[in-house]
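Coordinate inspection notes
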Amino acid sequence: MSDVKRRVLSIQSHVVHGYVGNKSATFPLQVLGFEVDGINSVQFSNHTGYKVVKGQILNETELDELFRGLECNNLLKCYSHLLTGYIGDVSFLRKIAEIVKKLRSEDSKIIYVCDPVLGDNGKMYVPAELLPIYQTVIIPLADIVTPNQYEAELLAGMKIASESDVWKAVGWFHEKGVDIVAISSSDFGQRGELRTFLSKKNGPRFALNIPKQGSSISFTGTGDLFASLFLAHSYRKQSDQLGYALERTVATLQAVIKRTIAEIPEVMLNGKEAPNYSQCELKLIQSKADIENPQVVLKAEQIK
């Protein structure tokens, strides 16, 4: 492990309080042996579900200035991965494409993990103008993508109404050049379950059912956590080990959510009183052991 380059340049959102974006991704990656250099696409007091949000939004000029600082100090060769998450501005997203190409000119083996944060539950929460840039510019540059079902629908330009549709959408990503596609969540599990899908281009395909926890509670940062965990567990893995990487990713996610729910007051879990957003923030620090050594219970099935 010591002789393998493990450093991630992570460009996504940051919050002072709570765990989304870089706050959700950094600690797990560090626990799993990765150095993390974060650039914050936005810097907010808290995530946008709260009543009040204060903070700053980084523009493409400021992103370029930070990146050039790394370049001028000959630091670009030190990265094994680029990870991108929430980006809310067209010009900022276009700058990401330039960064990918520059990093690859320094080291062609760098892995770009793109979590295309566009929306969820049928609703976009970024400007619609970002979608065609993701489709035509960003996705073709990515090695790994981790969209949820809704984001996969938007990007592939199709309604996903069945499991066969999932694989059609996955095929769209592969045709764009993406090597590994992980659909982080979908509605195609059994009752009370989500279903995640994983596919390697010209390689194996997997699916895994995930029991829903805290169905009346909305958790933020889980997609960011999924992307960072999968980045770590899939690194340097052979094709036949990708199912195991997915199992470890899901095992940690389930453990973190379980611990988060366990610390919400009982009165708020029985429907008498709704928990506030702060009480629903992921309990990442308390889940350090589950990040280091996830207990795999849910097994991925290989799809023929």
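Every residue gets a number counted from 1 within its own chain, in the order that chain's sequence is written. Given that this is a predicted model, residues contribute local features only at a pLDDT of at least 70 and side-chain atom pairs are listed and counted only at 80 or more, while totals for whole chains, interfaces and linings are drawn from all residues. Only hydrogens and water are set aside when side-chain values are computed; all heavy atoms of the structure are taken into account.

In the nomenclature of an unreviewed UniProt entry, the protein is known as Pyridoxal kinase of Glossina palpalis gambiensis. On record in UniProt, under Sequence similarities (unreviewed entry), the comment for the protein is "Belongs to the pyridoxine kinase family." UniProt positions are given in the numbering used here, feature names are shortened, and annotations may be inferred rather than shown by experiment.

1. Notes on the overall build of the protein
Segments assigned H or I by DSSP are reported as helices when at least four residues long, segments assigned E as strands when at least two residues long, and all are numbered from the N terminus. Counting its regular elements, the protein contains 10 helices and 12 strands. Computed over its C-alpha atoms, the radius of gyration of the protein comes to 18 Å, within 12% of the 19 Å expected for a compact globule of 304 residues. Dimensions of the protein, computed from the C-alpha atoms along their principal axes, are close to 55 × 50 × 40 Å. Within the protein, buried positions represent 52% of all 304 residues. Partitioning the intrachain contacts of the protein with sequence separation of at least 6 by distance along the chain shows that 70% fall at a separation of at least 24. For the protein, the computed accessible surface area is about 14000 Å², with 48% contributed by carbon and sulfur atoms. Positive charges come from Lys and Arg, negative ones from Asp and Glu, while His and the chain ends are left out of the count. Where a charge lies is defined by one atom per residue type: Lys uses NZ, Arg uses CZ, Asp uses CG and Glu uses CD. The protein carries 34 positive and 34 negative side-chain charges, and their two centres are separated by 3 Å. C-alpha atoms define the radius of gyration, and 2.2 Å times the number of residues to the power 0.38 defines the globule rule. Only protein chains enter the accessibility calculation, which uses a 1.4 Å probe; a residue whose area is less than 20% of its type maximum is buried, one above 50% is exposed, and one in between is partly exposed. In what follows, a contact means two residues having at least one pair of non-hydrogen atoms within 4.5 Å. Accessible surface is estimated by sampling points in the Shrake-Rupley manner with a 1.4 Å probe; for residues, cover comes only from the protein chains shown.

2. Digging into the state of the cysteines
Any covalent bond linking the sulfur atoms of two cysteines counts as a disulfide. Cysteine sulfur atoms are paired as a disulfide whenever they come within 2.5 Å of each other. One pass over the structure, following the stated rule, counts 0 disulfides. With no disulfide of its own, Cys 72 lies 14 Å from the sulfur of Cys 78, the closest cysteine sulfur.

3. With respect to the layout of surface pockets
Of the two site types, the cavity is a set of points on a 1 Å grid over the protein atoms alone where a 1.4 Å probe fits but cannot get out, and the pocket is an open set with protein on both sides within 12 Å along at least five of seven lines, each lined by residues with an atom within 4 Å of a point. Grid points are joined across faces, edges and corners, and a volume is the space filled by probe spheres set on the points. Its volume calculated, the second largest pocket comes out at about 390 Å³. Lining the second largest pocket are 18 residues, and of these Lys 109, Ile 110, Ile 111, Tyr 235 and Arg 236 lie nearest its centre. When residues are grouped by polarity, Ala, Val, Leu, Ile, Met, Phe, Trp, Tyr, Cys and Pro land in nonpolar, Asp, Glu, Lys and Arg in charged, and all others, Gly among them, in polar. Its residues assigned to classes, the lining of the second largest pocket comprises 7 nonpolar, 3 polar and 8 charged.

4. Describing the pattern of salt bridges
Salt bridge, as used here: a side-chain nitrogen of Lys or Arg that lies within 4 Å of a carboxyl oxygen of Asp or Glu. Under the definition given, this model contains 15 salt bridges. Between Lys 5 and Asp 107 there is a salt bridge, with its nearest N and O atoms 2.6 Å apart. Taken together, the positions of Lys 5 in the segment before β1 (7-15) and Asp 107 in the loop between α3 (90-106) and β5 (111-114) put the pair 102 residues apart, joining distant regions of the chain. Connected through shared salt-bridge partners, Asp 64, Arg 68, Lys 95 and Glu 98 make up one network.

5. Structural notes on α3
Between the first and last C-alpha of α3 there are 25 Å, a value that for 17 residues agrees with the 24 Å anticipated at 1.5 Å per step. Along α3, the positions that sit buried rather than exposed are Phe 92, Leu 93, Lys 95, Ile 96, Ala 97, Ile 99, Val 100 and Leu 103. The inward-facing, buried residues of α3 contact β1, β2 (35-44), α2 (60-72), β4 (81-84), β5 and α4 (130-138). A helix's residues, less one, multiplied by 1.5 Å, set its expected span.

6. Comments concerning the packing of α3 against α4
All axes are obtained by fitting lines to C-alpha atoms, using only the stretch in contact for helices, and the reported angles, taken between N-to-C directions, cover 0 to 180 degrees. Running from amino to carboxyl end, α3 crosses α4 at an angle of 10°, the nearest separation of the two axes being 10 Å. If you check the angle between α3 and α4, you find them roughly parallel. Where α3 approaches α4, its residues Val 90, Leu 93, Arg 94, Ile 96 and Ala 97 are matched on the opposing element by Leu 130, Ile 133, Tyr 134, Val 137 and Ile 138. Here the residues of the contact of α3 with α4 sort into 9 nonpolar, no polar and 1 charged. The labels follow the angle: roughly parallel below 35 degrees, roughly antiparallel above 145, roughly perpendicular from 65 to 115, and oblique for the rest.

7. Details of the environment of Met 158
Along the chain, Met 158 falls in the loop between α5 (149-156) and α6 (163-175). Measuring from C-alpha to C-alpha, the distance between Met 158 and Val 126 comes to 19 Å, with 32 residues separating the pair along the chain. Met 158 has contacts with Glu 153, Asp 165, Lys 168 and Ala 169, leaving out every residue within four places of it along the chain.

8. A closer look at α4
Among all positions in α4, only Leu 130, Leu 131, Ile 133, Tyr 134, Gln 135 and Ile 138 are buried. The elements touched by buried residues of α4 are α3, β5, α5 and α6.

9. Some details on the environment of Ser 185
Positionally, Ser 185 belongs in the loop between β9 (180-183) and β10 (193-200). It is 10 Å that separates the C-alpha atoms of Ser 185 and Thr 222, two residues lying 37 residues apart in sequence. Each residue touching Ser 185, except ones within four places of it in the same chain, is listed here: Asn 148, Gln 149, Leu 194 and Arg 195.

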